Amino acid sequence: MGERKIVFITGASRGIGAAIALNLAQAGYDIWLNYRSSKELAYKVKEQIEAFGCTCTLLPFDVADEQAATEMLEPLLQQEVPFGLVHNAGVTRDTLLPMMKREEWDTVIDVHLNSFYILGKLISRHMLSRREGRIVTLASLSGETGQAGQVNYAAAKAGLIGASKALARELGKRNILVNVVSPGLIETEMIQKLPLDKILPLIPLGRVGQVEEVAGVVRFLLSEDASYMTGQVLSVNGGMHM
Ligand code: NAP
């Protein structure tokens, strides 16, 4: 790979983010690994990354907290600029809109979308001066099609898709590519409460996806092979939406 490249991944203590971190470490990237509360799991992922011969810098902070993010990242960014930002951290607060509390709306918008304002701005500023970079955001099928019980989540993810496309237009001339990976149902804690018996018949591949099947697409978007792709939404959903 030549000069070592760093990728900063949010929400990588478990689930899809952890799989992305491991996949990228296997490909030789050094990792800046953000998480919020799963400390033990984050340390385990760090150990696995180091076993691939890569470095892993743990960055525990809430992605929606601008002050915490700035205090943790700015000193690092003065030293090194990541080649990639993978904006993956996420939460759900599913409920029908008539019952939704303001806090449930705000939390989901904060963690997915306002965090992208904070981190996208911070990191892209530094990428601009290097005239290279890759940004990948994790959206969701729900943001493409809407999903009952997820007005907050669908709004946040559709917002991320729009924001990513707009940013792709802003940064293209500086060789910074911005793309979206939009998973369907992937086997993580996030889907544990869903009625899978009702959902599986809607998936042409007849099964939920595995975290590695999302991670591979992210790795592709960070690779040289994707050097002429920007502003795109790559759906990884077993054909659930086409
Ligand atoms: P997950 O297993 O629940 O993991 C969520 C990750 O995000 C954890 O590492 C968690 O860290 C971190 N996180 C949550 N809130 C955070 C915050 N405020 N600040 C920093 N980190 C935070 O979720 P997942 O299924 O892997 O989902 C990853 C992404 O894919 C999300 O954006 C999700 O919306 C999207 N997605 C998932 C699916 C699916 O079917 N699983 C489908 C479509 C899209 P801690 O545990 O340390 O707090």
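Shown above is the structure to which this text applies.
Because the structure is a prediction, the values reported are computed rather than measured.

Analysis parameters
- Residues numbered from 1 in each chain as written.
- Predicted model: local features only at pLDDT ≥ 70, side-chain atom pairs only at ≥ 80, totals over all residues.
- Heavy atoms only, no water.
- Salt bridge = Lys/Arg side-chain N within 4 Å of Asp/Glu carboxyl O.
- Helix = DSSP H or I, 4+ residues; strand = E, 2+ residues; numbered from the N terminus.
- Buried < 20%, exposed > 50% of the residue type's maximum accessible area, 1.4 Å probe, protein only.
- Lys, Arg positive; Asp, Glu negative; His and termini not counted.
- Polar contact = N/O pair within 3.5 Å; in protein donor to acceptor, adjacent residues only side chain to side chain.
- Contact = heavy atoms within 4.5 Å.

K.L.:
Talk me through the pattern of salt bridges; I want residue IDs and the actual numbers.
P.N.:
Evaluation of the coordinates by the stated rule reveals six salt bridges. Between Arg4 and Asp30 there is a salt bridge, with its nearest N and O atoms 2.9 Å apart. Here the residue Arg4 occupies a position in the segment before β1 (6-9), and Asp30 occupies one in strand β2 (residues 30-35), the gap between them amounting to 26 residues. Judged by its relative accessible area of 43%, Arg4 is partly exposed. As a salt-bridge pair, Asp106 and Arg102 come within 3.0 Å of each other at their nearest N and O atoms. Note that Asp106 and Arg102 are positioned in helix α4 (residues 102-130) at a spacing of four residues, about one turn of the helix. Taking relative accessible area as the criterion, Arg102 reaches 62% and is therefore assigned exposed.

K.L.:
Talk me through the environment of Leu22; I want residue IDs and the actual numbers.
P.N.:
Tracing the sequence through the fold places Leu22 in helix α1 (residues 15-26). In the structure, Leu22 is positioned 190 residues away from Glu212 in sequence and 9.3 Å away in space, judged by C-alpha atoms.

K.L.:
Quick rundown of the side chain of Arg134? Include the residues and the values.
P.N.:
With respect to the helices and strands, Arg134 occurs in strand β5 (residues 133-138). Here Arg134 occupies a buried position and makes no salt bridge, while the nearest side chain of opposite charge, Glu224, is found at 4.2 Å. Of note is the side chain of Arg134, whose polar atom sits 2.7 Å from the backbone oxygen of Ser223. Those residues in contact with Arg134 that sit more than four places away from it in its chain are Phe83, Gly84, Leu85, Met127, Leu177, Leu221, Leu222, Ser223, Glu224, Ala226 and Ser227.

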